[in-house]
Amino acid sequence: MTVQVDEERAIKSLSSKTATGTRVPWHSLARLLLAGAILAFVLVRVQPRAFAAALGRANPAFLVPAALMAVLALLLQTTRWWVILRAAWSGARVGEAFRSLAAGLALGIATPARVGELGRAWFLPERDAATAIGLVLLERVYALAGVLGLGLVAIAGLHLQELAWGTLWISAGGLFGAAALLSPWGSRAVARWLGRWLSGARGMTEALALLRFRRIALVLGLTFVHLFVLSVQFTLAVRSFSPQVNWARGVLAGLGVLATKAAIPLSFGDVGVREAAAIFFYQRAGADPAAALSGSLCVYVWNVALPAAVGLHWVTQRKGGPPARRKDGRGACP
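Presented here is an overview of the structure given in this document. In this numbering scheme, every chain counts its residues from 1 along its sequence in written order. With the structure being a predicted model, the display of local features is reserved for residues of pLDDT at least 70 and the display and counting of side-chain atom pairs for 80 or more, all residues being used for whole-chain, interface and lining totals. Side-chain numbers here rest on the full set of heavy atoms in the structure, without hydrogens or water.

### Re the packing of aromatic side chains
Convention followed: Pairing of aromatic rings covers Phe, Tyr and Trp, the last through its six-membered ring, and needs centres within 6.5 Å; plane angles under 30 degrees mean stacked, over 60 mean edge-to-face, and all others mean tilted. Placement of a positive charge over a ring is assigned whenever Lys NZ or Arg CZ falls within 6 Å of the ring centre and within 35 degrees of the normal to the ring plane.
Inspection of every chain in the model, using the stated rule, returns 5 aromatic pairs. Here the aromatic rings of phenylalanine 280 and phenylalanine 281 are separated by 5.2 Å at their centres, their planes lie at 90 degrees, and the arrangement is edge-to-face. Across the ring face of tryptophan 81, the terminal group of arginine 120 is positioned such that the distance to the ring centre comes to 4.8 Å. The ring centre of phenylalanine 280 lies 3.9 Å from the NZ or CZ of arginine 284, which sits over that ring.

Structure (structure tokens):
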């Protein structure tokens, strides 16, 4: 009975934070101000006339393949989430994974630092809520560790000495976190630490116990492939507006953009950091600011806005409170 009440409180708390946002603490206000400053930087660097000119010279030979790669990227992301779900529920379906993933994207786009993506657990009504939240947290940690690690490779490849030391420490921290999760003692320690400040993380202990080394390796492998696909897609999108972009440096720039976006969760509607980082990194690959901004906005539409619009359908269809747990404790009532 106590476990059921705790789970319901955890999800209700998460729901109130991601959906209503009734409290606006000082640190949230600071994030909004910083996000506004980032957007101002983008607007200053790219003049409207230059932006319009970049859009006018779009090359479909690069733009169409980049748009199609969004399908591959979403498929890889769904597969990774499905693999994680199957660690807890062998009967988990791909459609079920996609539904919760898309709904989480819809919630994440409207919340600071995309914390709303934890709401994926709401859209697994036949699954145990606490375990689902724990699995979401694990998936996010593995994704963060992967993107920060590859971001370090990108910084080294682009020879950005002005960012090397800061990125080194951030990336090392992300890789250390992934290594800790791979070890039994580290997994338990991380779960206990998260459980102290996030009530929904109590299911992370159970989720960690479900993931074996081979499945974790598969998840990390899918993460690296997914990031590489996103980087190639990003480079194709920017090259469609600026054909002089170097391929190899463009892919490294894409990884740098993804790492920066993950490390600095400041945005309005998930727009801001990605665009500023694209201008910074792709200039090192030969693109002008207007082309980098145009490519970044295309990637945003394909990879974030459209899947979130699909997920919004399930968000609007979701009724009632958090899923109730069955009496036998194996999952939520349908």
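### Regarding the packing of helix 10 (residues 213-239) against helix 12 (residues 273-283)
Packed helices, taken two at a time, are described by the angle their axes make and the gap between the axes. For clarity, the threshold we go by: Inter-axis angles, ranging from 0 to 180 degrees, are taken between N-to-C directions of lines fitted to C-alpha atoms, where helices are fitted over the stretch in contact. Each helix corresponds to a stretch of at least 4 residues labelled H or I by DSSP, and each strand to a stretch of at least 2 residues labelled E; elements are numbered beginning at the N terminus. Angular relationships are summarised with four words: roughly parallel below 35 degrees, roughly antiparallel beyond 145, roughly perpendicular across 65 to 115, and oblique for the angles in between. Contacts: residue pairs with any heavy atoms within 4.5 Å of one another. For this classification, the nonpolar set comprises Ala, Val, Leu, Ile, Met, Phe, Trp, Tyr, Cys and Pro, the charged set comprises Asp, Glu, Lys and Arg, and every other residue, Gly included, is treated as polar.
With their axes 13 Å apart at the nearest point, helix 10 and helix 12 run at an angle of 75 degrees to one another. When the axes of helix 10 and helix 12 are compared, the pair comes out roughly perpendicular. Note on element contacts: helix 12 touches helix 10 through Arg274, Ala278 and Tyr282, opposite Ser231, Phe234, Thr235 and Val238. When its residues are assigned to classes, the contact of helix 10 with helix 12 shows 4 nonpolar, 2 polar and 1 charged.

### Observations concerning the environment of aspartate 128
Convention followed: In protein, a polar contact requires one atom able to donate a hydrogen and another able to accept it; more generally it is a pair of N or O atoms within 3.5 Å, and residues adjacent in sequence count only if both atoms are side-chain atoms.
Relative to the elements of secondary structure, aspartate 128 occurs in the loop between helix 5 (94-108) and helix 6 (129-158). For aspartate 128 and tryptophan 89, which are 39 residues apart along the polypeptide, the C-alpha to C-alpha distance reads 9.7 Å. A distance of 2.7 Å separates polar atoms of two side chains, one belonging to aspartate 128 and the other to threonine 131.

### Examining the side chain of threonine 235
Defined as follows: Buried residues are those whose accessible area, probed at 1.4 Å on protein chains only, stays under 20% of the maximum for their type, while exposed residues exceed 50% and partly exposed ones sit between those limits.
The residue threonine 235 is located in helix 10 in this model. Classification of threonine 235 by relative accessible area gives buried; the value is 0%. Here the side chain of threonine 235 touches valine 251 through a polar contact of 3.3 Å, landing on its backbone nitrogen. If sequence neighbours within four positions are ignored, threonine 235 has contacts with Val245, Trp247, Gly250, Val251 and Tyr282.

### Observations regarding the pattern of salt bridges
Test applied: Within this document, salt bridges are pairs made up of a side-chain nitrogen of Lys or Arg and a carboxyl oxygen of Asp or Glu, the two lying within 4 Å of each other.
Evaluation of the coordinates by the stated rule reveals 8 salt bridges. The residue arginine 57 makes a salt bridge to aspartate 288 at a minimum N-O spacing of 3.1 Å. Linking arginine 57 in the loop between helix 3 (48-56) and helix 4 (60-88) with aspartate 288 in the loop between helix 12 and helix 13 (289-317), this pair joins segments that are 231 residues apart in sequence. For aspartate 288, a relative accessible area of 23% gives the class partly exposed. Among the salt bridges present, the one from arginine 140 reaches glutamate 117, with a minimum N-O distance of 4.0 Å.

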